Amino acid sequence: MSQISDSLRGLQIGNRWDRAPKWVRTVGLLLVIAFAFYLPFLNILPFAYIRTDLNPTGSDWSSVLFLIVVYMIVAVGLNVVIGFAGLLDLGYVGFYALGAYSVALFGSPSSPVVESLQSRFGLSDEWAVPFVMCIPIAIAMSLTAGVILGAPTLRLRGDYLAIVTLGFGEIIRITARNLDPITGGAAGITQVPVPPGPEIDGRSFFNTIDAERWYWLALVILIIIVWLASRLEHSRVGRAWLAIREDEDAAAVMGVAGFKFKLWAFAIGASVGGLAGLLFGSKQQYVEPNAFMLNLSFLFVAMVVIGGSGNIVGVLVGAFLLTYLPERFRELQEWRPFAFGLALVLVMVLRPQGLVPSRRRAAEIEDRRHEAEEAAADA
């Protein structure tokens, strides 16, 4: 009953927000966005205590914010697959790695691929594919990988699909480690390009020191992706995903082409994951296979499930908590695995629908409660 009441409270809050005047919602969103852009400079007590650089061993605050936003982008993309279409993808880190390796392979002058192109076409030693051109390359490679993976496997369901995607994530990492002539092997690739911008004080606009600029860039991309995902959720494609998630057989009877729409979900989610990987690789300016271990893929899934599968706001909250808290309490690093496991157990037992559940699912819970009460009354 407590879970039902929690779901109802979330449903009522969402309904109040929808019923609020348009100008109120617009002002509220603008204030949230403005606060998000101001976060790198937040130094007003007591709010400054959320910073991660309060002690000498703490992480750079702006860099942590950047990582949070990158993982938020990942969570929104994975939510398309898990939350909207109901497909369990345990190898999402593979698409994330493809995005990072795409910008490294084609944009770095030290990449074996670029060196081969320089030698074959007589190009200068400094030539490489511009960063702007690396963006569609990364998205296209990730999307293509999603289609190649999804086409033969999306006819599987449940645990079988999860195992196949799990293998895909490991295949990408192991391939990147073993293909020395192409990916640089375990040594990785350096000199990964950064977005273009004017030089300030002799440094590129996007550099490793001024991390807040990377954060603002990622935040702009996150806002665009959240808006697109929200529009997609309420489109004809989003309604088809909902039908497939609830009951694929019933959806097929109603004329929904399940395989086609599941493939769409896989491809869209893969492209978003590849874009997040591109941002990560460019910010690091170095890409190597150990940065894409399988446990990172489990972390991505936990962000979606703990935050609230199917709810964009929920997965953003989940990504924020699971990225920020370990960095904020680094002094408890030895207890991190225990704390993480305990948090997962508590959330799944006390709030299995997630911290911020989807209003649609909350409404479904309420409908089922009414059906159960009517059935009990009839009996």
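First things first, this report covers the structure right here in the doc.

Turning to its location among the elements, Ser-108 is positioned in the loop between helix 4 (93-107) and helix 5 (112-121). Looking at Ser-108, the relative accessible area reads 0%, which means it is buried. Within the local environment of Ser-108, its side chain forms a polar contact with the side chain of Ser-110, the two groups lying 2.9 Å apart. When near neighbours in sequence (up to four residues on either side) are disregarded, Ser-108 contacts Val-103, Val-114, Ala-128, Ile-189, Thr-190, Gln-191, Val-192 and Pro-193.

Once that is clear, we can look at the packing of aromatic side chains. Applying the stated rule across the entire model yields 18 aromatic pairs. Ring centres 5.5 Å apart and planes at 75 degrees place the aromatic pair Tyr-96 and Phe-300 in the edge-to-face group. On the criterion of sequence distance, the pair formed by Tyr-96 in helix 4 and Phe-300 in helix 13 (residues 294-307) is long-range, its members being 204 residues apart. On the basis of an interplanar angle of 75 degrees and a centroid distance of 6.2 Å, the ring pair of Phe-280 and Phe-292 is categorised as edge-to-face. Taken together, the residues Phe-280 in helix 12 (residues 258-284) and Phe-292 in the loop between strand 2 (286-287) and helix 13 connect sequence positions 12 residues apart. According to the relative accessible area criterion, Phe-280 is buried, its value standing at 13%. In textbook terms, an aromatic cluster arises when at least three aromatic residues are bridged by ring pairs, as seen for Tyr-71, Tyr-96, Tyr-101, Phe-280, Phe-292 and Phe-300.

The next thing to look at is a nonpolar patch on the surface. Side chains of Leu-325, Phe-329, Leu-332, Trp-335, Phe-338, Leu-342, Val-345, Leu-346, Val-349 and Leu-350 sit close together on the surface and give an oily, nonpolar patch of about 1000 Å² of accessible area. No other element matches helix 15 (residues 336-350), which puts 6 residues into the nonpolar patch. Tracing the backbone shows Leu-350 in helix 15.

This paragraph deals with the pattern of salt bridges. The final tally for this structure, using the stated rule, is 6 salt bridges. Note that Arg-203 is salt-bridged to Asp-210, the shortest N-O span being 3.3 Å. Note on Asp-210: relative accessible area 13%, which makes it buried. Via salt bridges that share partners, Arg-203, Asp-210 and Arg-213 belong to a single interconnected network.

When you line up the elements, Arg-245 lands in helix 10 (residues 236-246). Polar side-chain contacts of Arg-245 include one of 2.9 Å to the side chain of Glu-246.

A word on the nonpolar core. By size, the foremost hydrophobic cluster in this structure holds 92 residues, and its most contacted members are Tyr-96, Phe-292 and Phe-300. When residues in this core are grouped by element, the largest group, 18 residues, is from helix 3 (residues 61-84). With sequence-adjacent residues up to four places away left out, Phe-292 is seen in contact with Val-93, Tyr-96, Ala-97, Ala-100, Tyr-101, Arg-173, Phe-280 and Val-287.

Take helix 14 (residues 312-328) next. For helix 14, which comprises 17 residues, the first-to-last C-alpha distance of 24 Å matches the rise-based estimate of 24 Å (1.5 Å per residue) to within 8%. For helix 14, the set of buried residues is Ile-312, Gly-314, Val-315, Leu-316, Gly-318, Ala-319, Leu-322, Thr-323, Tyr-324, Glu-327 and Arg-328. Looking at the buried side of helix 14, the elements it contacts are helix 3, helix 9 (211-233), helix 13 and helix 15.

Running from N to C, helix 10 and helix 12 point in directions that differ by 110 degrees, and their axes come no closer than 10 Å. Judged by the inter-axis angle, helix 10 sits roughly perpendicular to helix 12. In the packing of helix 10 onto helix 12, the handedness of the crossing is left-handed. Taken together, the residues of helix 12 that come into contact with helix 10 (itself represented by Arg-236, Val-237, Ala-240, Trp-241 and Ile-244) are Gly-258, Phe-261, Lys-262, Trp-264, Ala-265 and Ile-268. Classifying every residue of the contact of helix 10 with helix 12 gives 8 nonpolar, 1 polar and 2 charged.

Thresholds applied
Residues numbered from 1 in each chain as written. Predicted model: local features only at pLDDT ≥ 70, side-chain atom pairs only at ≥ 80, totals over all residues. Heavy atoms only, no water. Helix = DSSP H or I, 4+ residues; strand = E, 2+ residues; numbered from the N terminus. Buried < 20%, exposed > 50% of the residue type's maximum accessible area, 1.4 Å probe, protein only. Polar contact = N/O pair within 3.5 Å; in protein donor to acceptor, adjacent residues only side chain to side chain. Contact = heavy atoms within 4.5 Å. Phe/Tyr/Trp six-rings, centres within 6.5 Å; stacked < 30°, edge-to-face > 60°. Patch = residues over 30% accessible without salt bridge, like charges linked within 9 Å, V, L, I, M, F, W, Y side chains within 5 Å. Areas by Shrake-Rupley, 256 points an atom, 1.4 Å probe, with all protein chains shown as cover. Salt bridge = Lys/Arg side-chain N within 4 Å of Asp/Glu carboxyl O. Core = buried A, V, L, I, M, F, W, Y, C linked by side-chain atoms within 4.5 Å. Expected span 1.5 Å × (residues − 1). Axes fitted to C-alpha atoms, helices over the stretch in contact; angles between N-to-C directions. Parallel < 35°, antiparallel > 145°, perpendicular 65-115°, else oblique. Left-handed = near helix turned anticlockwise from the far one by under 90°. Nonpolar A, V, L, I, M, F, W, Y, C, P; charged D, E, K, R; others polar.

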